[in-house]
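Remarks on the overall topology
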Amino acid sequence: MRLAHRLDGDPAAPVLVLAGSLGSTLAMWEPQLPLAERFRLLRYDHPGHGISPPADGPLSIDDLGAGVVELLDTVEVERVSFCGVSLGGMVAMWLAIHAPERVDRLVLCCTSAYLGPPDQWQERAELVRRKGMAAVADAGVQRWFTPRFHQAQPAVVDRYREMLLGTDAESYARCCEAIRDMDLRDDLSRIGAPTVVVAGAEDPSTPVEHAETIVRLIAGSRLLVIPEAAHLANVERADAVNDVVLEHLAVAA
C-alpha cells in the first residue's frame, strides 16, 4: 500500500502522525499546522483519498493499520504520537494494539471502536458504487459541521464538500466496508499508550457515548468533550483541539 504523505516541521522534533476521516484528504489538517512549531507533522491520505492510489482489493482495518506501519518504515520513523479523527482514530487504535512499540501517545478524536450497525455501512458502500460520491457529499458535510458553522463559514464547508467529491468512490466504499467489519472493543484493554479521547458535543456520527466507551476500556485514558463541535472538531474548534494535543503531548515534546 502506497500512501501519499507530507512532512512538516523540524526533522529533529518528535513526530506526530495526523490521520483523517473517511472522505477527507491530508488538507483537513491545515488547522493543525501551527503544531509544526513543536512537532514534526506526518500527514497522509487514506487509500484512494487525496493523491493516494486506490488499494488493489478489499480493505480491512488491519490493512489500513498495516499501511501506516509501512509508511512509518518508509519515512524511517520508529516511534510516533498519533492523532486521528474518525477513521484515522480507528487506525490509531489498531496501531496501538498491534504495533505498540511504534506508538508513544494517542489523541483519539471523534471516533469509535465499533461503529454499527454494519448494514448502514454496506448500504453506503453500495450507494456510492451505484451513484458516485455526489450521493453522499451533502449528507457528509452536514455531519461534519454544526449548523452554526455551515452558516458562518460556507466557503470552508464547500471546500470540504469538494474533498468528499474528489474521493475515489470504490476506495470510499472499501473503507466503509472496513468500518462495517471493525470491532476493536475487546482489544482496547491492550493499549498502554497514554490516551486522551476527544468528542464533539454535537457530533452526530460518533456521539459522546462512543468516546465514553473507549475511555472505559483503555486504562488511564481520559475524555474531553468540546462544545460547539460536530464530527470534524479539529476544523470547527481547531483552537481547542490544538490545545488538547499540545497539553497531552507535552511530555513527548
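Here the structure is shown first, and the text comes after it.
Described in the following lines is the structure provided in the data block. Keep in mind that this is a model prediction, so the values were computed, not measured.

Concerning the nonpolar core
Within the largest apolar cluster, 89 residues are counted, with the highest numbers of intra-cluster contacts made by Leu16, Tyr44, Phe82, Leu106, Leu188 and Ile191. Top element by residues in this core is helix 2 (residues 87–98). It accounts for nine residues. For tyrosine 44, the contacting residues outside a window of four places in its chain are Leu3, Ala4, His5, Val17, Leu18, Ala19, Leu26, Val68, Leu71, Phe82 and Val91.

With respect to the sheet that holds strand 3 (residues 40–44)
One open sheet holds the seven strands; their spatial order is 1-3-2-4-5-6-7, and the pairing between them is mixed. Looking at strand neighbours, the two that pair on one side only are strand 1 (5–8) and strand 7 (222–226), the edges of this open sheet. Direction aside, neighbouring strands of the sheet carry axes that sit 20° apart on average. The pairing of strand 2 (residues 15–19) with strand 4 (residues 80–85) spans four bridges and is parallel. Pairing of valine 17 across the sheet is with phenylalanine 82, part of strand 4. Packing of helix 1 (residues 61–74) onto the sheet brings it into contact with strand 1, strand 2, strand 3 and strand 4, and relative to strand 3 it is tilted by some 135°.

Some points on the pattern of salt bridges
Inspection of every chain in the model, using the stated rule, returns 15 salt bridges. For the salt bridge of arginine 159 with glutamate 30, the shortest nitrogen-to-oxygen distance reads 2.8 Å. Taken together, the residues span a long stretch of sequence, with arginine 159 in helix 6 (residues 154–165) and glutamate 30 in the loop between strand 2 and strand 3 at a distance of 129 residues. Assessed through its relative accessible area of 35%, glutamate 30 is described here as partly exposed.

Quick look at unusual backbone geometry
A cis amide bond, omega 0°, links glycine 116 with the succeeding residue proline 117. With respect to the element layout, proline 117 can be found in the loop between strand 5 (103–109) and helix 3 (118–131). Despite not being glycine, serine 86 shows a phi value in the positive range, around 60°. Note on placement: serine 86 falls in the loop between strand 4 and helix 2. Its relative accessible area of 8% is what places serine 86 among the buried residues. At glutamate 228, a position not held by glycine, the phi torsion is positive, near 55°.

Digging into the packing of helix 3 against helix 7 (residues 169–181)
Running from N to C, helix 3 and helix 7 cross one another at 170°; their axes reach a closest spacing of 8 Å. With respect to helix 7, the axis of helix 3 lies roughly antiparallel. Across the interface between the two elements, Pro118, Trp121, Gln122, Arg124, Ala125, Val128 and Arg129 of helix 3 pack against Ala169, Glu170, Tyr172, Ala173, Arg174, Cys176, Glu177, Ile179 and Arg180 of helix 7.

So, helix 8 (residues 208–217)
Among the residues making up helix 8, those that are buried are Val208, Ala211 and Ile214. Within helix 8, the buried residues cover an arc of 115° as seen down the axis, which keeps them to one side. Buried positions along helix 8 lie against helix 2, strand 5, strand 6 (195–200) and strand 7.

Thoughts on the side chain of threonine 167
Among the structural elements, threonine 167 can be located in the loop between helix 6 and helix 7. According to the relative accessible area criterion, threonine 167 is buried, its value standing at 4%. Polar contacts involving the side chain of threonine 167 include one to the main-chain carbonyl oxygen of methionine 163, which spans 3.0 Å. With near-sequence residues (within four places) excluded, threonine 167 lies in contact with Gly23, Gly48, His49, Met133 and Tyr172.

Cut-offs and rules
Residues numbered from 1 in each chain as written. Predicted model: local features only at pLDDT ≥ 70, side-chain atom pairs only at ≥ 80, totals over all residues. Heavy atoms only, no water. Core = buried A, V, L, I, M, F, W, Y, C linked by side-chain atoms within 4.5 Å. Buried < 20%, exposed > 50% of the residue type's maximum accessible area, 1.4 Å probe, protein only. Helix = DSSP H or I, 4+ residues; strand = E, 2+ residues; numbered from the N terminus. Contact = heavy atoms within 4.5 Å. Pairing = 2+ DSSP bridges. Axes fitted to C-alpha atoms, helices over the stretch in contact; angles between N-to-C directions. Salt bridge = Lys/Arg side-chain N within 4 Å of Asp/Glu carboxyl O. Parallel < 35°, antiparallel > 145°, perpendicular 65-115°, else oblique. Arc of directions from axis to C-beta. Polar contact = N/O pair within 3.5 Å; in protein donor to acceptor, adjacent residues only side chain to side chain.

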